Structure formats: C-alpha cells, structure tokens
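# Coordinate inspection notes
Take a look at the letters that make up each chain.
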Amino acid sequence: QVQLVESGGGLVQAGGSLRLSCAASGRTFSRYAMGWFRQAPGKEREFAAAISSSGGLSVYEDSVKGRFTISRDNAKNTVYLQMNSLKPEDTAVYYCAADSRGGVPSRRETNYDYWGQGTQVTVSS
C-alpha cells in the first residue's frame, strides 16, 4: 500500500512557475514508476508526465514538453513536477500516481495503482 500526498499548487500568473511535490509513504517507493496527471474543469483527466522507478527515463505529454520537468528523489520518497512558462490552459487539479510495475513510465491511467488527492493549479491570464 502506498499513500500519496501532493502539495505546491496555487494561483500563478501566466508565464510563472510552480513546483509540485508528491510525498509517498512506505519503503518501496523506489520500485514504483510515478506519473503526474491533470484534470481541467469539465474535462477528463489526462496524462502530463511520468518517470521510471530509477528516474532515468521520463515521458511527457506534448503540450507540456519543454515547459514541465518531472524528477524524483528516492531517498526522500518524493516526486516533483517543475512547471515553467505556465499558461491558463494548464489550470487543473494535478494528481500524482504510482505504478507498481515500475520500469518504463506509462501514459496510461489504468496502469497506475495508487493516486493522491490532487492539488489545484490555477493560472491567470
């Protein structure tokens, strides 16, 4: 069992930056691939970024590539999402998720076993 708690969301102007954190409980964090997903108002949840269990491989949704960076610190059981050059269309609730398969990070929501409660990110124009 893994519990995930996101933090770092808030209100920021377009062009600004935020850093989201996701703290995981348990001693097996380093075995999990981790992902960030987001859900905008009135829309389905979508993939944003994911990172392999070792941190050596990451993948991004096209609209965030070059602006967002996912990273992890296995010693601290934490995964991060650095978000730069934020746009109003990035406004969403951001969720972190853990994939017990580890290995190659997945874009598929159904591959993730554990989810956090989410943190709100609002980007004003």
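Below you will find a few notes about this structure.

Thresholds applied
Residues numbered from 1 in each chain as written. Predicted model: local features only at pLDDT ≥ 70, side-chain atom pairs only at ≥ 80, totals over all residues. Heavy atoms only, no water. Helix = DSSP H or I, 4+ residues; strand = E, 2+ residues; numbered from the N terminus. Rg over C-alpha atoms; globule rule 2.2 N^0.38 Å. Disulfide = S-S within 2.5 Å. Buried < 20%, exposed > 50% of the residue type's maximum accessible area, 1.4 Å probe, protein only. Salt bridge = Lys/Arg side-chain N within 4 Å of Asp/Glu carboxyl O.

### A few points about the overall build of the protein
Looking only at helices and strands, one finds zero helices and eleven strands in the protein. Mapped from its N terminus to its C terminus, the protein presents α and β elements in the order β-β-β-β-β-β-β-β-β-β-β. Whereas a compact globule of 125 residues would reach a radius of gyration of roughly 14 Å, the protein reaches 13 Å, a difference of no more than 12%.

### Concerning the state of the cysteines
A complete count under the given rule lists one disulfide for this structure. Here C22 connects covalently by a disulfide to C96, the sulfurs 1.9 Å from one another. Across the disulfide from C22 to C96, rotation about the S-S bond amounts to roughly 45 degrees, and the bridge is consequently right-handed. Taken as a pair, C22 in strand β3 (residues 18-24) and C96 in strand β9 (residues 92-99) lie far apart in primary sequence, 74 residues in all. One exposure class covers both C22 and C96, and it is buried.

### A look at the pattern of salt bridges
Applying the stated criterion to the full structure yields six salt bridges. The closest approach of N and O atoms between D62 and K65, which form a salt bridge, is 3.2 Å. Judged by its relative accessible area of 49%, K65 is partly exposed. The partner of D90 in a salt bridge is R67, with the nearest N and O atoms 2.7 Å apart. Here D90 is found in the loop between β8 (78-83) and β9, whereas its partner R67 is found in the loop between β6 (58-60) and β7 (68-73), with 23 residues between them in sequence. Here R67 falls in the buried class, since its relative accessible area comes to 11%. When salt bridges with common partners are traced through the structure, they connect R38, E46, R67 and D90 into a single cluster.

### Thoughts on unusual backbone geometry
A positive phi angle is found at N77, which is not glycine, with a value near 55 degrees. Here N77 lies in the loop between β7 and β8. Unlike most non-glycine residues, S85 shows phi in positive territory, near 50 degrees. If you trace the backbone, S85 turns up in the loop between β8 and β9.

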